[in-house]
Amino acid sequence: MSLTSFSWREMQARPLRVVFTFSCITLGVAVVVAVLLSTSTTRQAQRDMLRAVSGRADLEIIADGNGFPYAWLKDVSQTQGVAVAAPSLNRFAVIFAGETKARTQVLGIDPRIDMEVRDYELVAGRQPAKLSEMLLDSSFAESLHVELDDQIKLLARGGLEEFQVVGLVRPRGSAPIALSSAAYLVLPAAQVAFNARQQLDQIQLLLQEGADREEVRQALEAKLTKGVTIRQPKTQSDMAQETMYATENGLHLAIAFALLIVTFIIYNTFQMTVGERRKQLGILRAIGATRKQVGWAILKEALFVSILGAIAGSVLGLATAGYLSLATEEIFQVELPRTQITVWPFAIAIVVGVGVSLLGALLPAHRASTVQPVEAMRAVEVGHNEEVVRATRIAGVITLPVGVALLLASLSGRVPIGTDAVGIGLMLIGCVLFIPSILERTSSLIVRILSPWLGIEAKLAQRQLMRHVGRTTLTAGVLFMAISTTTGLAGNILDNVANIRGWYTRGIIGDFFVRASLPDLATGSAADLPPEIEAELGKIAGVTNIDPMRFASVQSGEDSILLIVRNFVGAQDFFDVAQGTNDLAMQGLRQRQAVIGTVLAQRKGISLGDELPIETPSGTVMIAVAAIANDYIGGGLTVYLDRSFAAEILGIDGVDAYVIKAVPSQRTQVASDLHQLCQDNGLILQSYAEVVGQIDSMANTVIGGLWGLLAISTFIAAIGLFNTLTMNILEQTREIGMLRVVAMTRSQVRRMVVAQGAVVGHHWTDSRYGGWRVCWLRHRPIVIRGYRTRD
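Residues numbered from 1 in each chain as written. Predicted model: local features only at pLDDT ≥ 70, side-chain atom pairs only at ≥ 80, totals over all residues. Heavy atoms only, no water.

Quick word on the overall build of the protein chain
So, step 1. Looking only at helices and strands, the protein chain features 25 helices and 22 strands.
So, step 2. Here the protein chain, with 791 residues, has 55% of them falling under the buried criterion.
So, step 3. Excluding contacts between residues fewer than 6 apart, the proportion of contacts in the protein chain whose partners are at least 24 apart in sequence is 82%.
So, step 4. Carbon together with sulfur atoms contributes 59% to the accessible area of the protein chain, which is approximately 33,200 Å² in total. (Helix = DSSP H or I, 4+ residues; strand = E, 2+ residues; numbered from the N terminus. Buried < 20%, exposed > 50% of the residue type's maximum accessible area, 1.4 Å probe, protein only. Contact = heavy atoms within 4.5 Å. Areas by Shrake-Rupley, 256 points an atom, 1.4 Å probe, with all protein chains shown as cover.)

Overview of the environment of Arg463
So, step 1. Position of Arg463 among the secondary structure elements: in helix α15 (residues 456–467).
So, step 2. On the basis of relative accessibility, which here comes to 51%, the residue Arg463 falls in the exposed class.
So, step 3. The spacing of Arg463 and Ser443 is 20 residues in sequence and 9.7 Å in space, taken between C-alpha atoms.

What about the environment of Ile255?
So, step 1. Within the secondary structure, Ile255 is located in helix α8 (residues 238–276).
So, step 2. For Ile255, a relative accessible area of 11% translates into the label buried.
So, step 3. Residue contacts for Ile255: discarding those within four places in its chain leaves Val31, Val32 and Val35.

Quick word on α15
So, step 1. Compared with an ideal rise of 1.5 Å per residue, which puts 12 residues at 16 Å, α15 spans 17 Å between its outermost C-alpha atoms and is within 8% of the ideal.
So, step 2. Taking burial as the measure, the 12 residues of α15 include 9 buried ones, the bulk of the element. (Expected span 1.5 Å × (residues − 1).)

What about the packing of aromatic side chains?
Each aromatic ring pair is summarised here by two numbers: the centre-to-centre distance and the angle between the ring planes.
So, step 1. One pass over the full model with this rule turns up 5 aromatic pairs.
So, step 2. Ring geometry for Phe68 against Trp72: centres 5.8 Å apart, planes inclined by 20°, an arrangement best described as stacked.
So, step 3. Taking relative accessible area as the criterion, Trp72 reaches 23% and is therefore assigned partly exposed.
So, step 4. Measuring from centroid to centroid gives 5.8 Å for Phe568 and Phe575, while their planes differ by 35°, and the two rings are tilted.
So, step 5. Assessed through its relative accessible area of 4%, Phe575 is described here as buried.
So, step 6. A network of ring pairs unites the aromatic residues Phe568, Phe575 and Tyr640 as a single cluster. (Phe/Tyr/Trp six-rings, centres within 6.5 Å; stacked < 30°, edge-to-face > 60°.)

Let's talk about unusual backbone geometry
So, step 1. Of note, the phi angle at Asp149 is positive, near 75°, even though the residue is not glycine.
So, step 2. Structurally, Asp149 is set in the loop between α5 (138–144) and β7 (151–156).
So, step 3. Here Asp149 falls in the exposed class, since its relative accessible area comes to 52%.
So, step 4. Although it is not a glycine, Arg592 sits at a positive phi angle of roughly 65°.
So, step 5. Within the element layout of this structure, Arg592 appears in the loop between α18 (582–590) and β17 (594–597).

With respect to the confidence of the model for the protein chain
Regions with low pLDDT carry predicted coordinates that are not meant to be interpreted in detail.
So, step 1. Taken residue by residue, the protein chain gives an average pLDDT of 77. The fraction at 70 or more is 76%.
So, step 2. Throughout residues 173–180 the model reports pLDDT below 50, and contacts reaching past four residues in sequence, or to other chains, amount to 31 contacts.
So, step 3. pLDDT under 50 marks residues 764–791. Its contacts with residues more than four places away, or in other chains, come to 75 contacts. (pLDDT = per-residue confidence, 0-100.)

Things to note about the side chain of Thr399
So, step 1. Looking at the element boundaries, Thr399 is found in helix α12 (residues 385–411).
So, step 2. Within polar-contact distance, the side chain of Thr399 engages the backbone oxygen of Ala395 at 2.8 Å. (Polar contact = N/O pair within 3.5 Å; in protein donor to acceptor, adjacent residues only side chain to side chain.)

A closer look at a nonpolar patch on the surface
So, step 1. On the surface, Trp8, Phe304 and Leu308 cluster together into a nonpolar patch covering about 300 Å² of accessible area.
So, step 2. Position of Phe304 among the secondary structure elements: in helix α10 (residues 291–332). (Patch = residues over 30% accessible without salt bridge, like charges linked within 9 Å, V, L, I, M, F, W, Y side chains within 5 Å. Salt bridge = Lys/Arg side-chain N within 4 Å of Asp/Glu carboxyl O.)

Regarding the packing of α12 against helix α13 (residues 419–433)
So, step 1. Relative orientation of the contacting elements α12 and α13 amounts to 155°, with a least axis distance of 7 Å. Here α12 is positioned roughly antiparallel relative to α13, judged by the angle of their axes. Between α12 and α13 the crossing geometry is left-handed. Touching Thr392, Arg393, Ala395, Gly396, Thr399, Leu400, Val402, Gly403, Val404, Leu406, Leu407 and Ser410 of α12 are Thr419, Asp420, Val422, Gly423, Ile424, Leu426, Met427, Ile429, Gly430 and Leu433, all from α13.
So, step 2. Partitioning the contact of α12 with α13 into residue classes produces 12 nonpolar, 8 polar and 2 charged. (Axes fitted to C-alpha atoms, helices over the stretch in contact; angles between N-to-C directions. Parallel < 35°, antiparallel > 145°, perpendicular 65-115°, else oblique. Left-handed = near helix turned anticlockwise from the far one by under 90°. Nonpolar A, V, L, I, M, F, W, Y, C, P; charged D, E, K, R; others polar.)

Re the environment of Leu155
So, step 1. Position of Leu155 relative to the elements: it lies in strand β7.
So, step 2. Through-space distance from the C-alpha of Leu155 to that of Val94 is 5.0 Å; in sequence the pair is 61 residues apart.
So, step 3. In contact with Leu155, other than residues within four places in its own chain, are Ala93, Val94, Phe96, Leu160, Ala516, Pro530, Asn681, Gly682 and Leu683.

Topic: the side chain of Ser556
So, step 1. As for its placement among the helices and strands, Ser556 is situated in strand β14 (residues 543–556).
So, step 2. Looking at Ser556, its side chain comes within polar contact range of the main-chain oxygen of Pro613, at 2.6 Å.
So, step 3. When neighbours within four sequence positions are excluded, Ser556 is seen to be in contact with Ile561, Lys604, Leu612, Pro613 and Ile614.

A look at the pattern of salt bridges
So, step 1. Going through the model one piece at a time under the given rule, you end up with 14 salt bridges.
So, step 2. Residue Arg217 is joined to Glu221 by a salt bridge in which the shortest nitrogen-to-oxygen separation is 2.4 Å. Highlighted residues: Arg217 and Glu221, both in helix α7 (residues 213–223), separated by 4 residues, approximately one helical turn.
So, step 3. Taken together, the salt bridges that share partners define one network made up of Glu214, Arg217 and Glu221.

Here we look at the pairing of strand β19 (residues 619–630)
So, step 1. When strand β16 (residues 576–579) meets β19, the two strands line up antiparallel, connected through 3 bridges. Considered in β19, the bridge of Asp576 is made with Asn630.
So, step 2. Bridging between β17 and β19 involves 4 bridges; their strand directions are parallel. Its bridge partner being in β19, Ala594 is matched across the sheet by Val625.
So, step 3. Pairing of strand β18 (residues 611–616) with β19 involves 6 bridges; the strand directions are antiparallel. Following the sheet pairing, Glu611 is matched in β19 by Ala624.
So, step 4. Connecting the antiparallel pair β18 and β19 is a turn made up of 2 residues. (Pairing = 2+ DSSP bridges.)

Focus: the pairing of strand β21 (residues 657–662)
So, step 1. Here β21 lies mainly inside the structure; 5 of its 6 residues are buried.
So, step 2. Of the pairings in the sheet, the one linking strand β13 (residues 512–515) to β21 comprises 4 bridges and is antiparallel in character. Considered in β21, the bridge of Val514 is made with Tyr658.
So, step 3. With 6 bridges connecting them, β14 and β21 associate as antiparallel partners. Paired with Asn545 across the strands is Lys661, a residue of β21.

Section: the packing of helix α14 (residues 435–454) against α15
So, step 1. It is the contact of α14 with α15, at a shortest axis distance of 7 Å, that shows an interaxial angle of 155°. On the basis of the axis angle, α14 is roughly antiparallel to α15. Classified by chirality, the crossing of α15 by α14 is right-handed. Residue-level contacts link Leu439, Glu440, Ser443, Ser444, Val447, Leu450, Ser451 and Leu454 of α14 to Ile456, Glu457, Ala458, Lys459, Gln462 and Met466 of α15.

If you want it as structure tokens, here you go:
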């Protein structure tokens, strides 16, 4: 006996329910596709950028601090096992092409050998042969409207210089350089442009065939004992990784919550579907349908809707991925390539979408297969309430402790990142499983509260809800999952936004900021300012203080960390301190100590008073930690040092930005003079209000997404409640008719239905505290990684 026609007619009879189930699956799949595509595009862009810099090298030598002598190249080249040693200088500058201005990564290279180690190809023109010639990344040149033989200007530490574009290059691989556009100069020209004569930042090495990499590395370490790190090229940036961690982990948690809610919704929907068809299923069983046929009929409906939903969700997710990438660009102030479309995100999303749908329909299908022919004769379905309470209580006792254990193990670092989302999901499910055990007591309490306003209608509402404990629990569970998880995420995001604002009110204080380019939010790197600018700034009347800031990447053991150097003067509270005090931090900085970010402290296992190893040209220097602060630059892998101390041990010089304070009464005139100076020199001038506005704009992007998430979750929860109340009303048709006969008014019927909604909604409220605390625990991993919440 085929039941396909029966299933199809039943689906046509309830188009709204089919559309709702289809929409839930579509949204769930779209979330999975969008997040996976967006994060994979960002990761791929990062890998392509690093691959373009490090190329096909077997080993790389990088500077600890401000470069190392060019003379070392000869010793490296002559080391046994080294086939090619390609030197380079790697800095940031500003390019002017006509009226267009852009920040760029500049690589000073030896054109004769660089293409042997770096993974790019010449697509037009030729290699530079003169100091006044350069190569440009082809996509970068296109965005600047620059063609071969055009003249462009480069603003670097050595001043403004003009170069001719003689070649266009393109990185090999699946995507162009995204996180930094690139320009290539002949090495001596780059050294002049950045005032780094006879210096190198890195050397890429290709080894001879059969050479042992570890033996070569040890031989190089014996020759180059100080000032450099010798390692295999990295495919991921530590600082970018940490900066992206919280965002990606939050998105993955959102996926888990969305799929969990969708599973509950589908389960609830098919439970209602089976309940409505109880009589028809009983008749089918009476005329010969087997249990397997009946159960498979329900699963086929779920499979049909899920396949259509998965296809629609994939299309919607592809469109949404573009918006997520735009939001990522806004937050991290980078330019990403177009979304990289691969088969895996779609395959994973379709499998997950179909799997979630079948999982949600599995128990209802089993329930349908157990319907007996006698069910066709019953007016009301038997609720089996005692069995529901007993089964859910046992499941809750198992599920909740397992979720707690997984969450605690994740917080302590004993299990992989991402396990915390599984733990939180199990804890939420555990909370829902305990609802049947408290349903009768809590519903009686809420009825007593509502009775003065709703009278006997409240008691009638409770009676109908208690008739089907399982159905009522499912609806309360959907409300609980949708609202409590979203509320928890809302608290998390809003709290972190508040922390960011508290952070920049301390650390970003000044009337004006002068830069050559906007910094990379992940690494803090920016183009150098010419040294004569400070003298020009000092001539402006009304300027009371000029604080030069410098960002540099340094090594601490195997970790690349962001060094932030400035003059810490005055009594200002510069830091959002997690351990220690601002007074101790300021005192320590003046005494050759450091303030470090919470993420770096967690990674290194460092507490207040411990020492942090920093690789310098003179060897490893141990620096005492004066304070540990929450920081939002470089993913929290940050170290703050006083400028004079950093110059002494690392040779750090140069300026990425000047923080300027002015006499309050002369700020307007100072702003005018600064504007003219920056315009003459191709620099960027920002007021404090503009910097704050830029940060607020990024925060508002996140908050806007939050309100969208709240709206979607509220909509899903409302539809779930609508389904349950509709089912209850259908079952109460005869009962409501009898009550109308004995003089119950239409308004009283409406109040009874409203009371059912209020009682179900109360169980979400009653469970909200537990859900809120579950989501509040979500803050703890973020505390460790520099995104602290206020307790």
